[in-house]
Every structure is written in structure tokens, then in C-alpha cells.
Amino acid sequence: MITSKTLAFVLPGLAAACLATALIGATAAEAAGDAAAGRKKAAQSCAACHGIDGLAKLPNAANLAGESVYYLDRQLKAFRSGDRKDENMSVVAKALSDADIADLVAWYSSIEVTVTLPKK
């Protein structure tokens, strides 16, 4: 039987877990965009700096492969609005529609990243 005491103990933790999942735990499967369309757009607009594979080709460009849906969406919209500034990204992002951003987010967040630790 669930009591009010049990709920008072469990609900705050459950609420925090749900919020964390909503904010940073979104996966590529949850991305609203079309990953195939995002790949096409990335090849046209992003690959020179960020790579079609999401691995940066320039030293001052970010790796985008496997980043969270939330992070990618938020950063692209910040560049587009001018809340975040970069000489190149500010120009590129201004031309992106909401659908373009959703598609790019779906593409880059769907790339799986693996890590191999160096041997001692």
C-alpha cells in the first residue's frame, strides 16, 4: 500500500529524474527532425568545419557527433538569435529554419560515439 509518507519521499526524486531526462537525456530517437534530411543539410552547410561525421575538421570547431538533442538545439538557436556569437556560426545559423535545426539535431545526435582509453 502506498502511503502519503511514501509519496512524500519518492515524488521529489522522481520529479528530478524526469526533469533531467527531459532536459539533457533526450536521445536521437526523440529528436523531432529527419536525420536523413539533416545529413544532407550537414553536407551542404556544416561538413567543412564540423565534418559530416560530426568530428571537427578545424581546431576551433566543435565536435557535434553524439551530442544531446537538447544541447544541439539550444546552441543552434542561440547562434541564430544572436544570444551566442561566433564569426562563422552566427552567419550560418541565421539562415537556418526551425525545420533545418531539427533535422541537423536529429542527424548529429544520432551519430554513435565510442571511446577507447589509452593503454597504461
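Since the model is a prediction, treat every value here as computed from it, not as a measurement.

Peer 1: Give me the layout of surface pockets: which residues, what numbers.
Peer 2: Looking at the largest pocket, its volume works out to about 480 Å³. Those elements that place two or more of their residues in the lining of the largest pocket are α3 (47–50), α4 (69–81), α5 (89–94) and α6 (98–110). Looking at the lining of the largest pocket element by element, the count peaks at 5 residues for α4. Here the lining of the largest pocket is built from residues that sort into 16 nonpolar, 6 polar and 3 charged.

Peer 1: Run through the packing of α4 against α6, naming residues and quoting values.
Peer 2: Relative to each other, α4 and α6 sit at 145°, their axes nearing to 9 Å. Crossing angle aside, the handedness with which α4 passes α6 is right-handed. Taking contact as the criterion, the partners of Val69, Leu72, Asp73, Leu76, Lys77 and Arg80 in α4 are, on α6, Asp98, Ile101, Leu104, Val105, Tyr108 and Ser109. Partitioned by chemical class, the residues of the contact of α4 with α6 number 7 nonpolar, 1 polar and 4 charged.

Peer 1: I'd love a proper account of the pattern of salt bridges, names of residues and values included.
Peer 2: Under the counting rule described, the total for this entry stands at 4 salt bridges. Between lysine 57 and aspartate 53 there is a salt bridge, and its shortest N-O distance comes to 3.4 Å. For lysine 57, a relative accessible area of 47% puts it in the partly exposed group.

Peer 1: I'd like a rundown of the state of the cysteines, residues and numbers included.
Peer 2: Scanning all chains against the criterion turns up 0 disulfides. Cysteine cysteine 46 shares no disulfide, and the gap to the nearest cysteine sulfur, in cysteine 49, comes to 8.6 Å. With relative accessibility at 27%, the residue cysteine 49 sits in the partly exposed group.

What counts and how
- The written sequence of each chain sets the order in which its residues are numbered from 1.
- For a predicted model such as this one, the threshold for reporting local features is a pLDDT of at least 70, and the threshold for listing and counting side-chain atom pairs is 80 or more; totals across whole chains, interfaces and linings nevertheless cover every residue.
- Water and hydrogen atoms play no part in the side-chain values, which are based on all heavy atoms of the structure.
- Only protein atoms enter the 1 Å grid, on which a cavity is a set of points fitting a 1.4 Å probe that cannot get out and a pocket is an open set with protein on both sides within 12 Å along at least 5 of 7 lines, lining residues being those with an atom within 4 Å of a point.
- Grid points are joined across faces, edges and corners, and a volume is the space filled by probe spheres set on the points.
- Numbering of helices and strands starts at the N terminus; helices are DSSP runs of H or I of at least 4 residues and strands are runs of E of at least 2.
- Under the scheme applied, nonpolar residues are Ala, Val, Leu, Ile, Met, Phe, Trp, Tyr, Cys and Pro; charged residues are Asp, Glu, Lys and Arg; polar residues are all the others, including Gly.
- Every angle, taken between N-to-C directions, lies between 0 and 180 degrees, and every axis is a line fitted to C-alpha atoms, over only the stretch in contact when it is a helix.
- Working rule for handedness: look at the near helix, and if it is turned counterclockwise from the far one by less than a right angle, call the crossing left-handed; if clockwise, right-handed.
- The contact criterion used is simple: two residues touch if any of their non-hydrogen atoms lie within 4.5 Å.
- Salt bridge criterion: a side-chain nitrogen from Lys or Arg within 4 Å of a carboxyl oxygen from Asp or Glu.
- Burial classes follow relative accessibility: with a 1.4 Å probe on protein chains only, a residue under 20% of its type's maximum area counts as buried, one over 50% as exposed, and anything between as partly exposed.
- Only a pair of cysteine sulfur atoms within 2.5 Å counts as a disulfide in this structure description.

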